[in-house]
Amino acid sequence: MASEQDVRARLQRAGQEHLLRFWAELAPEPRAALLAELALLEPEALREHCRRAAEACARPHGPPPDLAARLRPLPPERVGRASRSDPETRRRWEEEGFRQISLNKVAVLLLAGGQGTRLGVTYPKGMYRVGLPSRKTLYQLQAERIRRVEQLAGERHGTRCTVPWYVMTSEFTLGPTAEFFREHNFFHLDPANVVMFEQRLLPAVTFDGKVILERKDKVAMAPDGNGGLYCALEDHKILEDMERRGVEFVHVYCVDNILVRLADPVFIGFCVLQGADCGAKVVEKAYPEEPVGVVCQVDGVPQVVEYSEISPETAQLRASDGSLLYNAGNICNHFFTRGFLKAVTREFEPLLKPHVAVKKVPYVDEEGNLVKPLKPNGIKMEKFVFDVFRFAKNFAALEVLREEEFSPLKNAEPADRDSPRTARQALLTQHYRWALRAGARFLDAHGAWLPELPSLPPNGDPPAICEISPLVSYSGEGLEVYLQGREFQSPLILDEDQARELQLQES
């Protein structure tokens, strides 16, 4: 282990000697822990990290003055529309996706390094229950979608196939996530096909470029953003693991989208048939000022431009058909070839520029008192997973319906958007639509038919509670055999046992 003298010398070179200012007050065990943590920080890299953080924070915020002239929508030939394509085209995409899954060439990769701070919980967001009748967590829903898509691909092609699940955690989420998966028997997935790995942590920095002490014996560290994926892939030899398994295509997504379709055959097939090395799912923006990034081109190169960087005038621009010109909302749902990820980790990752996140970071003051600041006091430097789009040789985007594929969970109740309530409503409304489409009818408490609403109100409860297990239907398929011509009173919980019972009744 590095000595105190060595660590002091390294900190001096980095201009961060203050990190040992409480050294004389520490007992032997906290001293050893602090030395071990500080020994991992390379002096030159630490000095550069602090300099870049302070400089980036000092730069003016808002739209770059010349951005509007450099901005263009994605070329139409690089954009597919899942809901507006003809049935044959969509069938071709789906069939190609199922074929690649059946050949064991598809993996999913979950970005799960963040904590549920905004949600008001102290555990990883994937462990959260939004209040579904089944009480399923986000992790369980996602695991069951993997199992179902494996089953569907296997049935179509007469094979047994596997979709490996790579889960990128952070130091804060790895332990709880691994324990949660063990407690739930990996949701009946083979543990060998669930690969967890950690992203790096970076020190939080004050506005004048000093690393923040969280405690007298601990530096304030934070995950390096979901764009930390690329260093983590290299650190943990994940691409080598994929190569051993024969994986060629990777579906990357964020943990908090309750409607996410893992290894979506339509998306996989679309990207493969487009010859894309990099792709993104997008949803049409709900309104010009919606706070989502926009997938577009800057100087002819694909990129996600944050909503805060687009001027109100540009956001309002309309295409010839009356739709928003810049309407491709980013939902952190991406396709990569393994070859592209290999090129990023080997060549392009050092070119990624960190983004500034100004946060409230607890710290110890000069007297050693713990302070929980009431306003932002520190900088966390993050990279974004989509920062690599500009390196793609062949980028493609697939527009999907928001109500079918995107409802993120970010805010605690009683927030009016992206909350447990809105996520729950989105899933139950989707399942109610699926049931009606499959021929089910719902009755109220008095036995009268509930109306079949052609379009359900946004952010409202469906007329009846209906939850369909992903193990029964991945995206609404195959429900006619259980539901057609039947009447149900709310709630209907269509899990595997209920589906089996309905089949027996039919026979």
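The name that an unreviewed UniProt entry assigns to the protein chain is UDP-N-acetylhexosamine pyrophosphorylase-like protein 1, with the source organism given as Pan troglodytes. Under the UniProt heading Sequence similarities (unreviewed entry), the entry covering the protein chain gives this text: "Belongs to the UDPGP type 1 family."

Trainee: Could you clarify how one ought to interpret the overall build of the protein chain in this entry?
Mentor: If you tally the helices and strands in the protein chain, you get 16 helices and 24 strands. Relative to the compact-globule value of 23 Å for 507 residues, the protein chain shows a C-alpha radius of gyration of 25 Å, a close match. Within the span of the protein chain, comprising 507 residues, buried residues form 54% of the whole. Considering only residue pairs separated by 6 or more positions, the protein chain has 77% of its internal contacts joining residues 24 or more positions apart. In the form shown here, the protein chain has an accessible surface area of approximately 23200 Å², with 50% of it arising from carbon and sulfur atoms. Of the side chains in the protein chain, 64 bear a positive and 72 a negative charge, and the two mean positions are spaced by 2 Å.

Trainee: Even after reading the chapter, I still don't get helix α7 (residues 174–183), so can you show me in this structure?
Mentor: Because each turn of an α-helix spans 3.6 residues, side chains separated by three or four positions in sequence point in the same direction. Residues of α7 that are buried: Thr177, Ala178, Phe180 and Phe181. Relative to the axis of α7, the buried residues are bounded by an arc of 160° and lie together on one face. In this structure, the buried side of α7 is in contact with α6 (138–157), β4 (165–169) and β5 (194–198). Positive phi shows up at asparagine 185, right after α7, with a value of about 55°.

Trainee: What am I meant to see in the pattern of salt bridges here?
Mentor: When charged atoms on two side chains of opposite charge get close, those side chains can pair. For the structure shown, the criterion picks out 37 salt bridges. For glutamate 404, the salt bridge identified is with arginine 261, shortest N-O distance 3.2 Å. Here glutamate 404, found in helix α13 (residues 402–405), pairs with arginine 261, found in the loop between β11 (249–254) and α10 (265–274); they are 143 residues apart in sequence, far enough to count as distant. By relative accessible area, which is 11% here, glutamate 404 ends up buried. The class of arginine 261 is buried, set by a relative accessible area of 8%. Across the pair glutamate 290 and arginine 402 runs a salt bridge, and its minimum N-O distance is 2.8 Å. Residue glutamate 290 is found in the loop between β12 (278–284) and β13 (294–298), and its partner arginine 402 is found in helix α13; the two are separated by 112 residues along the sequence. Through salt bridges with shared partners, a single network forms among Arg261, Asp264, Lys281, Glu404, Glu405 and Arg433.

Trainee: What should I look at first to understand the packing of aromatic side chains in this one?
Mentor: To describe a pair of aromatic rings, one takes the distance between the centres and the angle between the planes. Summed over all chains, the structure comprises 17 aromatic pairs. Here the aromatic rings of phenylalanine 181 and phenylalanine 187 are separated by 5.4 Å at their centres, their planes lie at 80°, and the arrangement is edge-to-face. Taken individually, phenylalanine 181 and phenylalanine 187 each receive the classification buried, so the pair is uniform in this respect. Plain terms: the ring middles of phenylalanine 442 and phenylalanine 488 are 6.2 Å apart, the flat faces sit at 40° to each other, and that makes the pair tilted. One end of the pair, phenylalanine 442, is in strand β21 (residues 441–443); the other, phenylalanine 488, is in strand β23 (residues 487–489), with 46 residues separating them in the sequence.

Trainee: Even after reading the chapter, I still don't get a positive patch on the surface, so can you show me in this structure?
Mentor: The grouping of Arg52, Arg59, Lys353 and Arg390 at the surface amounts to a positive patch. Within the secondary structure, arginine 52 sits in helix α3 (residues 43–58). Looking at arginine 52, the relative accessible area reads 34%, which means it is partly exposed.

Trainee: Sorry if this is basic, but what is going on with the packing of helix α1 (residues 4–14) against helix α2 (residues 28–39) here?
Mentor: In helix packing, the relevant descriptors are the interaxial angle and the interaxial distance, both defined with respect to the helix axes. Interhelical geometry of α1 versus α2 gives an angle of 45° and a closest axis separation of 10 Å. Here α1 lies oblique to α2, going by the angle between them. Between α1 and α2 lies a crossing of left-handed hand. Across from Glu4, Val7, Arg10 and Leu11 in α1, the residues of α2 making contact are Leu35, Leu38 and Ala39.

Trainee: Help me understand the nonpolar core in this model?
Mentor: Taken as a class, soluble globular proteins show a tendency for nonpolar side chains to be buried jointly. Counting 46 residues, the largest nonpolar core has Ile101, Val108, Leu110, Tyr139, Trp165, Phe335 and Leu398 as the members making the most contacts within it. Listed in part, the 43 residues of the second largest apolar core include Leu109, Leu111, Cys278 and Ala328.

Trainee: How should the domain arrangement of the protein chain be read in this particular structure?
Mentor: Where the parts come together, the accessible area they lose is often given as the size of the interface. Considered domain by domain, the protein chain is made up of domain 1 (2–56), domain 2 (65–402) and domain 3 (430–503). Placing the centre of domain 1 and that of domain 3 at their C-alpha centroids yields a distance of 59 Å.

Trainee: I would appreciate a short explanation of the pairing of β13 in the present structure.
Mentor: The two faces of the sheet receive side chains in turn, since in a regular strand these alternate between them. Among the five residues of β13, five are classified as buried, and the element is accordingly described as predominantly covered. Judged by which residues are buried, β13 turns out to be covered on both faces: Val294, Cys296 and Val298 on one side and Val295 and Gln297 on the other are all buried. Relative to β13, strand β1 (residues 71–72) runs antiparallel, the two sharing two bridges. Paired with leucine 71 across the bridge in β13 is valine 298. Note that β13 and strand β14 (residues 301–305) share five bridges and pair antiparallel.

Trainee: For this particular structure, what's the right way to read the sheet that holds strand β16 (residues 355–359)?
Mentor: Pairing between the strands of a sheet comes from backbone hydrogen bonds, and it takes one of two forms, parallel or antiparallel. Across the sheet, three strands lie side by side as β7-β19-β16; this open sheet has antiparallel pairing. Two strands close off the open sheet at either side, each with one partner strand: β7 (205–206) and β16. Against the sheet, α3 touches β7, β16 and β19 (378–382), its axis set at about 105° to β19.

Trainee: I tried to follow the environment of tyrosine 139 on my own but got confused; where do I start?
Mentor: Relative to the assigned elements, tyrosine 139 resides in helix α6. On the accessibility criterion, tyrosine 139 (0% relative accessible area) is buried. Here tyrosine 139 is in contact with Leu110, Ala112, Pro124, Gly126, Met127, Trp165, Thr177, Phe180, Phe181, Phe187 and Val255, once residues within four sequence places are set aside.

Trainee: Any chance you could explain the side chain of glutamate 349 here in plain terms?
Mentor: Tracing the chain through its elements places glutamate 349 in the loop between α12 (338–348) and β16. If we skip the residues at most four places from it in the chain, glutamate 349 touches Tyr230, Cys231, Val344 and Lys383.

What counts and what doesn't
- Numbers given to residues run from 1 along each chain, matching the order in which its sequence is written.
- In keeping with the predicted nature of the model, local features appear solely for residues at pLDDT of at least 70, side-chain atom pairs appear and are counted solely at 80 or more, and the whole-chain, interface and lining totals rest on all residues.
- Heavy atoms from the whole structure form the basis of all side-chain values; hydrogens and water molecules are not counted.
- UniProt positions are given in the numbering used here, feature names are shortened, and annotations may be inferred rather than shown by experiment.
- Numbered from the N terminus, helices here are DSSP runs of H or I no shorter than four residues, and strands are runs of E no shorter than two.
- We compute the radius of gyration over the C-alpha atoms and compare it with the globule rule, which gives 2.2 Å times the number of residues raised to the power 0.38.
- Residue exposure (1.4 Å probe, protein chains only): buried if accessible area is under 20% of the type maximum, exposed if over 50%, otherwise partly exposed.
- In what follows, residue pairs with any heavy atoms lying within 4.5 Å of each other are defined as contacts.
- With residues, only the protein chains shown are counted as cover, and all accessible areas are computed by Shrake-Rupley using a 1.4 Å probe.
- Lys and Arg are tallied as positive, Asp and Glu as negative. Neither His nor the chain termini are counted.
- Taken as the charge location is NZ of Lys, CZ of Arg, CG of Asp or CD of Glu.
- Working definition: the arc comes from the directions between the helix axis and the C-beta atoms, pointing outward to the latter.
- Salt bridges are counted wherever a side-chain nitrogen of Lys or Arg sits within 4 Å of a carboxyl oxygen of Asp or Glu.
- Between the rings of Phe, Tyr and Trp (Trp by its six-membered ring), a pair exists once the centres lie within 6.5 Å; its type follows the angle of the planes, with under 30 degrees stacked, over 60 edge-to-face, and the other angles tilted.
- Within this analysis, patches are made of residues with over 30% relative accessible area and no salt bridge. Like charges are joined at 9 Å or less; nonpolar side chains (Val, Leu, Ile, Met, Phe, Trp, Tyr) at 5 Å or less.
- Fitting a line to C-alpha atoms yields each axis, with helices limited to the stretch in contact; the angle taken between N-to-C directions then spans 0 to 180 degrees.
- Our angle categories are set so that under 35 degrees counts as roughly parallel, over 145 as roughly antiparallel, 65 to 115 as roughly perpendicular, and the remainder as oblique.
- We call a crossing left-handed when the near helix sits turned anticlockwise from the far one by less than a right angle, and right-handed when that turn is clockwise.
- What makes a nonpolar core is a set of buried Ala, Val, Leu, Ile, Met, Phe, Trp, Tyr and Cys residues whose side-chain atoms join them at distances within 4.5 Å.
- Throughout, the edges of the domains are those of an automatic or database domain assignment.
- Two strands are counted as paired when DSSP detects at least two bridges linking them.

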